[in-house]
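Below are the chains, spelled out letter by letter.
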Amino acid sequence: GTVVGNARNVAHGQIPAQPHSGGLAVGTNPGSPLPSGTNISLETAVGTTLPSPVNGFNFSFQHWYHLNTSSNTNGDGDGAWVEYKLDSGNWTYLEPNGGYPHTISNNSSTPNGVNTSGFGVYGDGNHSGWSTALFNLDNLTGIQNATDIQFRFLVWTDSNSTSRPGWFIDDIELNNVGNSSGFW
């Protein structure tokens, strides 16, 4: 496809012309549209050891999404979101700082940690361009007593969805300030 700025125009939408940094980014179905009726996930490595003390603990990544949604507010579209798991517990929905910008179709299943259908997700009928997703982890229930954490990225598309490029992720980081007293 034709490259315009940082986007590559393809038949099913716009994808990143290059990774946010470095030479590699992960994508849901690079080079092909994400089919309707998709329900997929990508998990980080098992057993990422939690720091001690947990203080200013953040999970972040760069991402680019282009998913089918006709409205950005009333829950009638496809979506992408993040979940976490402490130790060998259950996967639980994780909301970014400031919340997700869109809502998902009521046809999707509701993840653990969400009390309503049509929950917040990343989803936009136009491409987002590269942007930062930031999640503060300090106050997750049980994090102070857990030993490890794992994340997963989920994408869901409705059965009658128009195929779009999907979700691209780069520069995944896990940072912790730790014990900030006595340091400069």
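Procedures and definitions
- Residues numbered from 1 in each chain as written.
- Predicted model: local features only at pLDDT ≥ 70, side-chain atom pairs only at ≥ 80, totals over all residues.
- Heavy atoms only, no water.
- Helix = DSSP H or I, 4+ residues; strand = E, 2+ residues; numbered from the N terminus.
- Rg over C-alpha atoms; globule rule 2.2 N^0.38 Å.
- Buried < 20%, exposed > 50% of the residue type's maximum accessible area, 1.4 Å probe, protein only.
- Contact = heavy atoms within 4.5 Å.
- Areas by Shrake-Rupley, 256 points an atom, 1.4 Å probe, with all protein chains shown as cover.
- Lys, Arg positive; Asp, Glu negative; His and termini not counted.
- Charge placed at Lys NZ, Arg CZ, Asp CG, Glu CD.
- Phe/Tyr/Trp six-rings, centres within 6.5 Å; stacked < 30°, edge-to-face > 60°.
- Pairing = 2+ DSSP bridges.

Trainee: Explain the overall build of the chain to me, using residue names and the numbers behind them.
Mentor: Along the backbone of the chain there are 0 helices and 14 strands. The order of helices and strands in the chain, counted from the N terminus, is β-β-β-β-β-β-β-β-β-β-β-β-β-β. Compactness check: the chain gives a C-alpha radius of gyration of 17 Å against a globular reference of 16 Å for 184 residues, within 12% of the reference. Considered along the principal axes of its C-alpha atoms, the chain spans approximately 55 × 35 × 25 Å. Evaluated residue by residue, the chain yields a buried proportion of 45% over its 184 residues. When contacts within the chain are restricted to residue pairs at least 6 apart in sequence, long-range pairs at least 24 apart make up 75% of them. Per element, the accessible surface of the chain, about 9,100 Å² overall, is 45% carbon and sulfur. Considering the chain, the positive charge centre built from 4 side chains and the negative charge centre built from 13 side chains are found 9 Å apart.

Trainee: Which residues make up the packing of aromatic side chains, and what values go with them?
Mentor: Throughout the structure, instances matching the rule amount to 15 aromatic pairs. Ring geometry for F61 and W167: centres 6.2 Å apart, planes at 70 degrees, overall edge-to-face. In this pair, F61 sits in strand 7 (residues 58–66) while W167 sits in strand 14 (residues 166–175), placing the two residues 106 residues apart along the sequence. Given a relative accessible area of 1%, F61 falls into the buried group. W167 gets classed as buried once you look at its relative accessible area, which sits at 2%. Considering the side-chain rings of Y100 and Y122, the 4.8 Å spacing of their centres and the 75 degrees angle between planes classify their relative orientation as edge-to-face. Of this pair, Y100 sits in the loop between strand 9 (92–94) and strand 10 (102–103) while Y122 sits in the loop between strand 11 (120–121) and strand 12 (131–136), and the two are 22 residues apart along the sequence. Each member of the pair, Y100 together with Y122, is buried. Among the aromatic side chains, those forming a connected cluster through ring pairs are F59, F61, Y65, W81, Y93, Y100, F119, Y122, F135, F151, F153 and W167.

Trainee: Which residues make up the sheet that holds strand 4 (residues 26–27), and what values do they have?
Mentor: The 4 strands are arranged 4-14-7-12 in an open sheet whose pairing can be described as antiparallel. Edge positions in the sheet fall to strand 4 and strand 12, since each has one partner strand and no second. Bridging between strand 7 and strand 14 involves 8 bridges; their strand directions are antiparallel. Along strand 14, the bridge assignment pairs Q62 with D170.

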